[in-house]
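Chains, contacts and geometry: an overview
If you want the building blocks of each chain, they are given just below.
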Amino acid sequence: MDDLSTLLHDAVSDVEPTDRLAEIRAAVEPKPRRFGWYATGGAVLAVAATVTAFAIVASPDNKKAEDLGPANPEPTPGLTDTTGLTPVPVYFVGDTPMGPRLYREFQLKRESGAAVAAEAMTKSPYDPDYRTFWPEGAIASVDLRDDVINVTLAYSWLHDRPDGMTEVQAELAIQQLVYTVQGAEGARLPVQLRLGQNPIDSVYGVPTSEPVTNEPQLDVLSLVSISDPVESLQVEDSFIARGRASSFEGNVPWELRDADGTVVRSGQTTAGMDTHLIAWETEPIDVSDLDPGRYTFVATTDDGKFTDTRTVVVL
Amino acid sequence: MRPTSVTAHAALQPTALAVRPSETWDADAALEQLYAAHWRSLVRLSVLLLRDQGAAEEVVQDAFVAMHGRWSRLRDPDKALAYLRQTVVNRSRSALRHRGVVERYVAKQAAPPDEPAADDGVSATSRRTAVLDAMRALPDRQREVLALRYYLDLSEAEIADALGIARGSVKAHASRGAATLRTLLADQLSEGDL
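My aim in this report is to walk through the structure given alongside it, one point at a time.

1. A closer look at the packing of helix α4 (residues 114–121) of chain A against helix α5 (residues 167–185) of chain A
A pair of packed helices is characterised by two quantities: the angle between their axes and the separation of those axes. Residue and element names in this part refer to chain A. Where α4 contacts α5, the axes come no closer than 8 Å and their chain directions differ by 145 degrees. When you trace α4 past α5, the crossing you get is right-handed. On the side of α4, the interface is formed by A114, A117, A118 and M121, while α5 contributes Q176, L177, T180, V181, G183, A184 and E185. Looking at the contact of α4 with α5 residue by residue, the class counts come to 7 nonpolar, 3 polar and 1 charged.

Written as structure tokens, this is what we have:
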């Protein structure tokens, strides 16, 4: 049988292909085609999501009025598996009746920091309702110098606004990046966008010669968002939901719906109404007598305009 | 009261996170590493199917680009390599069909094939030419099965996967193709001094 093997190997032994790696690399660099959403969420391992939630549940600081940084990564007593893993806040885009707004999602990473968060921002969010304005690999580096967060972009074509992207979307894209790197740095510092060594004068057609600052939360964020549970968290007995909101009289109504949309639990908790979002937290939600399966946790603002949802899996 | 709530599955956690390949193997890194390891052998595979090195390079280049675009669904070097092989075979077949049409029109203008050196018996060059000619003479499936089996040393199951056919068919194509190839290449095989 080896005779044919020898003949076929010999037949192409003098074929030395030319090196085409450069052409291949050029062909795979994302191109500024007509604008669409670069990535939408949903691709996540439920097991990984479970760990994320733990780290966030463990956070005693989550009630801080404006928690800029990641939740305290100190692991829950007895839970050693989160060693070295840190929840990193990443901002994604979701729909609201007021148009697209930013939602904060925690992702569990081996390293924290603005570069990690900025990279995650260019990839798929965990939550399938979210998406991103940034193509994968768009951020080359992030570093902090003299109280300015410098973000270096990887693609020169990010300079121009793609066909189909509105001015409002372009400005929100810049804010998505600003909120993400500020959140990861834990400080509301100005953000200078760069290409190579130099500041870039425009990103998606938005002027960026000077450092960019964060717009007011009430203008760019969803007025309610869920930090915990994370998408597809597995729960039994009970769970506590947490998030941030700015709602009339601080009311945050919530519901737990089964797969048919029937409300199986509901309640109300309070955050606050202020110039920024304020943390809220539910009492433990008892799910011990619910049938196993997928449920949707829904938190809304008092007027019902803003909503965030999470799938939880009752065991 | 502290909620007992959230379930741990402690045993699963370290593994699930450690092996999540997308964290460590993004599309660009996968492309670089697979290119370094397999560019040459995949081009050679395509030459066995197509005969034409320039066309083979085009086919394999396109396969790498396609693999990169699909990385979010592959996320694993082994799956990516299997995808590359499958894509190279499929695109080589398409290229062959397309070229077959073109060749019928340009056949009369084509340069004559290299003559074997008169004083060299069966030279290495003419032997290689004869093998590639014989491969071209086989039906598509037989040629593909033989190339995957004797050049890439794939198992029957891997070949069945790559071609999307049953293992029994792989066996049948392999035995028929091998018999034909041995007949066509009787001279080369009898030399026994490769």
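2. Description of the pairing of strand β5 (residues 139–145) of chain A
One ladder, built from 6 bridges, connects β5 of chain A with strand β6 (residues 148–153) of chain A; its direction is antiparallel. Of the residues in β6 of chain A, the one forming a bridge with R145 of chain A is V148 of chain A.

3. Quick word on the sheet that holds strand β8 (residues 198–199) of chain A
All names here are of chain A. Taken together, 4 strands build an open sheet; the order of strands is β5-β6-β7-β8 and the sheet is mixed. Each edge of the open sheet is held by one strand with a lone partner, namely β5 and β8. Here β6 pairs with strand β7 (residues 191–195) via 5 bridges, running parallel. When the sheet's bridge partners are listed, N150 is paired in β7 with Q192. In the packing of α4 onto the sheet, the strands contacted are β5 and β6, and the crossing angle to β5 comes to about 150 degrees.

4. A word on helix α10 (residues 167–184) of chain B
Every α-helix carries 3.6 residues per turn, so stepping three or four residues along brings you back to the same face. In this model α10 of chain B runs 26 Å from its N-terminal to its C-terminal C-alpha over 18 residues, within 8% of the 26 Å that 1.5 Å per residue would give. Buried-residue contacts for α10 of chain B involve α1 (2–11) of chain A together with α7 (124–137), α8 (140–151) and α9 (156–163) of chain B.

5. Some words on the environment of L223 of chain A
All names here are of chain A. Within the secondary structure, L223 is located in the loop between α6 (217–220) and β11 (224–228). Residue L223 is classed as buried on the basis of its C-beta count, with 26 C-beta atoms lying within 10 Å. Linking L223 and F306, residues 83 residues apart in sequence, is a C-alpha distance of 6.0 Å. Sequence-distant contacts of L223, that is, excluding residues within four places in its chain, are made with A245, S246, S247, T301 and F306.

6. Some points on the nonpolar core
Counting 63 residues, the largest nonpolar core has A117, A118, V151 and V181 of chain A as its most contacted members. No other element matches the 9 residues that α5 of chain A contributes to this core. Residues lining this core come from more than one domain, with at least three contributed by each of domain 1 (39–217) and domain 2 (224–314) of chain A. L42, V47, V89 and M135 of chain B belong to the second-largest nonpolar core, a separate cluster that totals 48 residues.

7. Some remarks on unusual backbone geometry
Both trends apply: most residues other than glycine have a negative phi, and most peptide bonds are in trans. Of the consecutive residues D228 of chain A and P229 of chain A, the connecting peptide bond is found in the cis state with omega at 10 degrees. Along the chain, P229 of chain A turns up in the loop between β11 and β12 (233–235). The phi dihedral of D147 of chain A is positive, around 60 degrees, even though this residue is not glycine. Along the chain, D147 of chain A turns up in the loop between β5 and β6. When the 9 C-beta atoms within 10 Å are taken as the criterion, D147 of chain A is described as exposed. The phi dihedral of R75 of chain B is positive, around 55 degrees, even though this residue is not glycine. By secondary structure assignment, the location of R75 of chain B is in the loop between α5 (71–74) and α6 (77–106).

The rules behind the values
Residues numbered from 1 in each chain as written. Chains lettered and ligands numbered in written order. Predicted model: local features only at pLDDT ≥ 70, side-chain atom pairs only at ≥ 80, totals over all residues. Axes fitted to C-alpha atoms, helices over the stretch in contact; angles between N-to-C directions. Helix = DSSP H or I, 4+ residues; strand = E, 2+ residues; numbered from the N terminus. Left-handed = near helix turned anticlockwise from the far one by under 90°. Contact = placed C-beta atoms within 7 Å. Nonpolar A, V, L, I, M, F, W, Y, C, P; charged D, E, K, R; others polar. Pairing = 2+ DSSP bridges. Expected span 1.5 Å × (residues − 1). Buried ≥ 20, exposed ≤ 12 C-beta atoms within 10 Å, placed from the backbone. Core = buried A, V, L, I, M, F, W, Y, C linked by C-beta atoms within 7 Å. Domains from an automatic or database assignment.

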